[in-house]
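# Structural description and commentary
Chain residues, written in single-letter form:
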Amino acid sequence: MADKLTLDIVTPYGSVFSDEVDEVVAPGTEGEFGVLPGHVPFITTLNIGILTYKKGGSTGYVFVNSGYAEVSDDRVLILADSAEKAEDIDVERAKAAMKRAEERMKKQEEIDFARAQAALQRAVTRIEAAKKAGHGG
Ligand code: ATP
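Cut-offs and rules
Residues numbered from 1 in each chain as written. Predicted model: local features only at pLDDT ≥ 70, side-chain atom pairs only at ≥ 80, totals over all residues. Heavy atoms only, no water. Salt bridge = Lys/Arg side-chain N within 4 Å of Asp/Glu carboxyl O. Helix = DSSP H or I, 4+ residues; strand = E, 2+ residues; numbered from the N terminus. Buried < 20%, exposed > 50% of the residue type's maximum accessible area, 1.4 Å probe, protein only. Near = heavy atom within 4 Å. Polar contact = N/O pair within 3.5 Å; in protein donor to acceptor, adjacent residues only side chain to side chain. Areas by Shrake-Rupley, 256 points an atom, 1.4 Å probe, with all protein chains shown as cover. Domains from an automatic or database assignment. Core = buried A, V, L, I, M, F, W, Y, C linked by side-chain atoms within 4.5 Å. Contact = heavy atoms within 4.5 Å. Expected span 1.5 Å × (residues − 1). Phe/Tyr/Trp six-rings, centres within 6.5 Å; stacked < 30°, edge-to-face > 60°. Buried area = accessible area lost by both parts, 1.4 Å probe.

Turning next to the pattern of salt bridges. Tallied over the full model, the rule gives six salt bridges. Here Glu84 ties to Arg126 by a salt bridge, and the two come within 2.7 Å at their closest N and O atoms. With a gap of 42 residues between them, Glu84 in strand E8 (residues 82-85) and Arg126 in helix H2 (residues 113-132) connect regions that are remote in the sequence. Look at Glu84 and you get buried, because its relative accessible area is 18%. On the basis of relative accessibility, which here comes to 18%, the residue Arg126 falls in the buried class. Among the salt bridges present, the one from Arg115 reaches Asp112, with a minimum N-O distance of 4.0 Å.

Below, the structure is given as structure tokens:
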């Protein structure tokens, strides 16, 4: 059994992260789950949330926008609709997206409330991820 995990985070926009890490905690739709080397294989869907990984003495944060995770053979593969490493998040852009979504949700005639709500959740979670990484908050 290896003592490392390979973490790959892939989106339709390209690869966001690919490295060997010690531990991963990800936002599964059934709840947060942790993966250490030697974990049994499984597949789950993901929520909008923050993935955390540990490597050496440091902790990294990655925003993930839904998708799915597959764990097998000491590899964690995340396929997400979009994702950014916390340090790559444009906080001003997320704040603007948050404002737009809030405005839309205020309008009575808004027919796509769920869509605005998801956009708001993405924006708020991006801002939170950037804060965790100590940038832009
Ligand atoms: P926006 O309304 O600002 O486009 P969004 O939540 O609709 O936000 P997504 O559809 O999740 O955006 O992502 C589209 C692309 O833009 C992806 O490549 C994603 O990584 C990138 N992206 C979105 N918001 C940010 C951000 N705040 N900082 C960095 N990259 C971002």
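It is worth spelling out the site of the ligand at this point. Surrounding the ligand, one finds 13 residues, the nearest of these being Ser82, Glu84, Arg100, Arg122 and Arg126. Arg93 places a polar side-chain atom, nitrogen or oxygen, 2.8 Å from an oxygen atom of the ligand. Out of a free accessible area of 590 Å², the ligand has 73% covered by protein chains. Counting residues per element, the ones that place at least two in the shell around the ligand are E8, helix H1 (91-106) and H2. Built from parts of two domains, the shell around the ligand gets at least three residues from each of domain 1 (5-86) and domain 2 (88-132).

Another point: the nonpolar core. One finds Leu7, Ile9, Val24, Leu51 and Ile78 to be the most contacted residues of the largest nonpolar core, which totals 21 residues. If you list the elements that add at least two residues to this core, you get strand E1 (5-11), strand E2 (14-21), strand E3 (23-28), strand E4 (31-35), strand E5 (42-55), strand E6 (58-72) and strand E7 (75-79). By residue number, the principal contributor to this core is E6, which donates four residues. The residues contacting Ile78, other than those within four sequence positions of it, are Leu7, Asp8, Ile9, Val10, Leu46, Leu51, Val64, Tyr68 and Ala69.

Compared with an ideal rise of 1.5 Å per residue, which puts 20 residues at 28 Å, H2 spans 28 Å between its outermost C-alpha atoms and is within 8% of the ideal. Taken residue by residue, H2 has Ala116, Ala119, Leu120, Ala123, Thr125, Arg126, Ile127, Ala129 and Ala130 as its buried positions. For H2, the elements touching its buried residues are E5, E6, E8 and H1.

The subject of this paragraph is the packing of aromatic side chains. By convention here, two paired aromatic rings are described through the distance between centres and the angle between planes. This structure, assessed with the given rule, holds two aromatic pairs. With 4.7 Å between their ring centres and 50° between their planes, Phe17 and Tyr53 make a pair best called tilted. Separated by 36 residues along the polypeptide, Phe17 in strand E2 and Tyr53 in strand E5 bring together distant segments of the chain. Since its relative accessible area comes to 7%, Phe17 is described here as buried. Taking the centre distance of 5.1 Å and the plane angle of 85° together, the rings of Phe33 and Phe42 count as edge-to-face.

What follows covers the domain arrangement of the chain. Domain annotation for the chain reports domain 1 (5-86) and domain 2 (88-132). Using only C-alpha atoms to locate each centre, domain 1 and domain 2 end up separated by 23 Å. Taken together, the contact pairs 10 residues of domain 1 with 11 residues of domain 2. Around 1000 Å² of area is buried between domain 1 and domain 2 when both sides are counted, 66% of it from carbon and sulfur atoms. On the surface where domain 1 and domain 2 come into contact, there are five residue pairs in polar contact (both at pLDDT 80 or more). Taken together, the elements giving at least two residues each to the side of domain 1 that touches domain 2 come down to E5, E6 and E8.

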